[in-house]
Amino acid sequence: MKPLTIYLISDSIGETGEQVIHSILSQYSIEVGEIKKFTHVLTKQMLEAILVNISEDEKAVVFYTLVQKELKQYLTAFSENNKLLLVDILGDGMSAIQKITSLEPMGEPGIIRKMDKKYFSRIEAIEFSVRYDDGKDPRGILKADLVLLGVSRTSKTPLSIYLANKNIRVLNIPLFPESDPPKEIYQISSTKIIGLTNSPEKLNSIRRERLKTLGLPQNASYADTNRILEELDHADRIMKKIGCLVIDVSNNAIEETANLIIEYMKKIDKKVFNVD
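Residues numbered from 1 in each chain as written. Predicted model: local features only at pLDDT ≥ 70, side-chain atom pairs only at ≥ 80, totals over all residues. Heavy atoms only, no water.

In this structure, what is going on with unusual backbone geometry? I would like to understand it.
Apart from glycine, the bulk of residues carry a negative phi angle, and the bulk of peptide bonds sit in the trans form. The phi torsion at Arg 153 lies on the positive side, around 75 degrees, for a residue other than glycine. The exposure class assigned to Arg 153 is partly exposed, which follows from its relative accessible area of 35%. Unusually for a residue other than glycine, Asn 167 sits at a positive phi of about 70 degrees. With respect to the element layout, Asn 167 can be found in the loop between helix 6 (156–164) and strand 6 (170–174). (Buried < 20%, exposed > 50% of the residue type's maximum accessible area, 1.4 Å probe, protein only. Helix = DSSP H or I, 4+ residues; strand = E, 2+ residues; numbered from the N terminus.)

In structure tokens, the structure reads:
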């Protein structure tokens, strides 16, 4: 038997269609000569040229993943006139979803790849936030979409991870009187910086619980009220010097603070902060 030639026409890179074809072929003990793939087919002219070439093959099997209605109609009509064997890889699945939901498909080429890109962008943002958590490397300030400042226990790390899941690369820096913030903080726009603060009473309670968890004495200076007031005063001076937005997190859940930050940053830069 002559080796079989499979044709694949896709409006994207054809990866999904090719995987399906290989899965189907694995069920048959036949020799496959080649899978001829035509990708990024977005116009009727491109499709026509491809089909004219394919129609010369008497045993052509044409798989396709096209979502634009006009192209699908043209492909179907051409195949009927030229007796091409046509396989719509997405068709049955889309028809089933459309029937059960009464919704029309978006008809947007390459949407799976766009979703993949968004996924990997989110992973990169999470890795960035972990890498630069707690001021580990101030050089990351110049690469970050957003920098969070605050004393210990102002939710900097959980906020960073939450925002990273929204594709925002976040770096956070702890503030304490014994050390000035890195010089890089003054090299970026103040609009990319958010200061976080908390009430002395809330900080005292949270820090005492933290010391308890670590098995340390609760009278340690970390939870001392005077020490907390000193830290807050120092942080306040730095935030005023920078001129950044300051958010009091004392009565906010992580999600509430994150939403305030996202809405603020969208106003500043809609392109960068076009988040879900």
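Moving on from the coordinates now.
What am I meant to see in the environment of Leu 163 here?
The residue Leu 163 is located in helix 6 in this model. Sequence separation between Leu 163 and Ile 262 is 99 residues, and the spatial gap between their C-alpha atoms is 8.2 Å. With residues near it in sequence (within four places) discarded, Leu 163 still touches Leu 146, Ile 168, Val 170, Ala 258, Ile 261 and Ile 262. (Contact = heavy atoms within 4.5 Å.)

Help me understand the sheet that holds strand 7 (residues 193–197) in this model?
Note: strands within a sheet are paired through backbone hydrogen bonds, in either parallel or antiparallel orientation. Pairing in this open sheet of four strands is parallel, and the strands run 6-5-7-8 from one edge to the other. What marks the edges here is a single partner per strand, and that holds for strand 6 and strand 8 (245–248). Going across the sheet, the axis of each strand differs from the next one's by a mean of 25 degrees, ignoring polarity. Bridge analysis of strand 7 against strand 8 gives four bridges, and the strand direction is parallel. Bridge pairing in strand 8 places Ile 194 opposite Leu 245. (Pairing = 2+ DSSP bridges. Axes fitted to C-alpha atoms, helices over the stretch in contact; angles between N-to-C directions.)

Teacher, can you tell me more about helix 2 (residues 44–54) here?
Working note: α-helix, 3.6 residues per turn, so residues spaced by three or four point in the same direction. Among the residues making up helix 2, those that are buried are Leu 47, Ile 50, Leu 51 and Ile 54. Looking straight down helix 2, one finds its buried side chains confined to an arc of 95 degrees; they lie on one side. Along helix 2, the residues that are exposed and aim more than 90 degrees away from the buried face are Gln 45 and Ala 49. (Arc of directions from axis to C-beta.)

When you look at the packing of helix 6 against helix 9 (residues 254–268) in this model, what are you seeing that I'm missing?
A pair of packed helices is characterised by two quantities: the angle between their axes and the separation of those axes. Two elements in contact, helix 6 and helix 9, have axes separated by 10 Å at closest approach and are oriented at 60 degrees. In terms of their interaxial angle, helix 6 and helix 9 are classed as oblique. When the axes of helix 6 and helix 9 are compared, the crossing they make is right-handed. Contacts between helix 6 and helix 9 involve Pro 158, Leu 159, Tyr 162 and Leu 163 from the first element and Ile 254, Glu 255, Thr 257, Ala 258, Ile 261 and Ile 262 from the second. Here the contact of helix 6 with helix 9 is built from residues that sort into eight nonpolar, one polar and one charged. (Parallel < 35°, antiparallel > 145°, perpendicular 65-115°, else oblique. Left-handed = near helix turned anticlockwise from the far one by under 90°. Nonpolar A, V, L, I, M, F, W, Y, C, P; charged D, E, K, R; others polar.)

Please explain the pairing of strand 4 (residues 85–88) as it appears in this structure.
Each regular strand carries side chains that alternate between the two faces of the sheet. Examined bridge by bridge, strand 3 (residues 61–65) and strand 4 share four bridges and lie parallel to one another. Within strand 4, the position partnered with Val 62 by the bridge is Leu 86. In this region the chain leaves strand 3, passes through helix 3 (residues 69–82) and returns to the parallel neighbour strand 4; the handedness of that crossover is right-handed. (Right-handed = clockwise from strand over helix to strand, strands pointing away.)

Just checking my understanding: could you explain the packing of helix 2 against helix 3 for this structure?
Packing of helix 2 against helix 3 leaves a shortest axis separation of 10 Å and a crossing angle of 25 degrees. In terms of orientation, helix 2 lies roughly parallel with respect to helix 3. When you trace helix 2 past helix 3, the crossing you get is right-handed. Within the contact between the two elements, helix 2 uses Lys 44, Leu 47, Glu 48, Leu 51 and Val 52 and helix 3 uses Glu 70, Leu 71, Tyr 74, Leu 75 and Phe 78. Within the contact of helix 2 with helix 3, the residues separate by chemical class into seven nonpolar, no polar and three charged.

Mind showing me how you'd approach the side chain of Asn 204 here?
Within the fold, Asn 204 resides in helix 7 (residues 200–214). For Asn 204, a relative accessible area of 19% translates into the label buried. Within polar-contact distance, the side chain of Asn 204 engages the backbone oxygen of Ala 223 at 2.6 Å. Excluding anything up to four places from it in sequence, Asn 204 contacts Ala 223, Thr 225 and Ile 228. (Polar contact = N/O pair within 3.5 Å; in protein donor to acceptor, adjacent residues only side chain to side chain.)

Hey, could you run me through the pairing of strand 5 (residues 146–150) in this one?
Within strand 5, five of the five residues are buried, which leaves it mostly tucked inside the rest of the structure. The two faces of strand 5 match: Leu 146, Leu 148 and Gly 150 on one face and Val 147 and Leu 149 on the other face are all buried. Relative to strand 6, strand 5 runs parallel, the two sharing five bridges. Bridge pairing links Val 147 to Leu 171 in strand 6. With respect to chirality, the unit in which strand 5 leads through helix 6 into the neighbouring parallel strand 6 is right-handed. Pairing geometry for strand 5 and strand 7, over four bridges, is parallel. Within strand 7, the position partnered with Gly 150 by the bridge is Leu 196.

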